[in-house]
Amino acid sequence: MARRSVPSSVMIAGIKFRIVIKKMENWGMMHFDDREIWISEETAAKKDILVDTLRHEMLHATLSIAGHSWAKKIEEEPIVRAIEHIFLPAVDALMAKLNKL
């Protein structure tokens, strides 16, 4: 059932990433070389967690495309989490206000 509600792919900067649902311990994982985003079966079954996880993994893909993943001495996870937990909620709140206009 969860597989039908999850898109099969997502385009990021013109690059297609397959979304793969599989048994795994993590909620999700991005594999840049394979152009895949893995989502756990458990995560795929919960829409709110699925959306947050897809956004998170898409941010990893975005940073990889931009070349950040190859930079030295810069941790990627804090940047992804800052965007995920600070920037995106602010954008969502603004969009909600704009949609009311």
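The structure we're discussing is the one just above.
This report concerns the structure included in the present document. (Residues numbered from 1 in each chain as written. Predicted model: local features only at pLDDT ≥ 70, side-chain atom pairs only at ≥ 80, totals over all residues. Heavy atoms only, no water.)

**A short note on the sheet that holds strand 1 (residues 9-12)**
In a beta sheet, neighbouring strands are held together by backbone hydrogen bonds and run either parallel or antiparallel to one another. Pairing is mixed across the open sheet formed by 4 strands, whose spatial order is 1-2-4-3. Strand pairing shows two members of the sheet lacking a second neighbour, strand 1 and strand 3 (28-31), which therefore form its edges. On average, each strand axis in the sheet is tilted by 25 degrees relative to the strand beside it, whichever way the strands run. Bridge count for strand 1 against strand 2 (residues 15-22) is 4 bridges, and the pairing is antiparallel. (Pairing = 2+ DSSP bridges. Helix = DSSP H or I, 4+ residues; strand = E, 2+ residues; numbered from the N terminus. Axes fitted to C-alpha atoms, helices over the stretch in contact; angles between N-to-C directions.)

**A short note on the nonpolar core**
With 14 residues, the main nonpolar core has Phe-17, Ile-19, Ile-37 and Ile-39 as its most contacted residues. Those elements that provide at least two residues to this core are strand 1, strand 2, strand 4 (36-40) and helix 3 (47-66). Every residue in contact with Ile-39, bar those within four places of it in the chain, is listed here: Ile-19, Val-20, Ile-21, Lys-22, Met-24, Trp-27, Gly-28, Ala-44, Leu-50, Thr-53 and Leu-54. (Core = buried A, V, L, I, M, F, W, Y, C linked by side-chain atoms within 4.5 Å. Buried < 20%, exposed > 50% of the residue type's maximum accessible area, 1.4 Å probe, protein only. Contact = heavy atoms within 4.5 Å.)

Everything listed is a geometric property; what it means functionally is a separate question.
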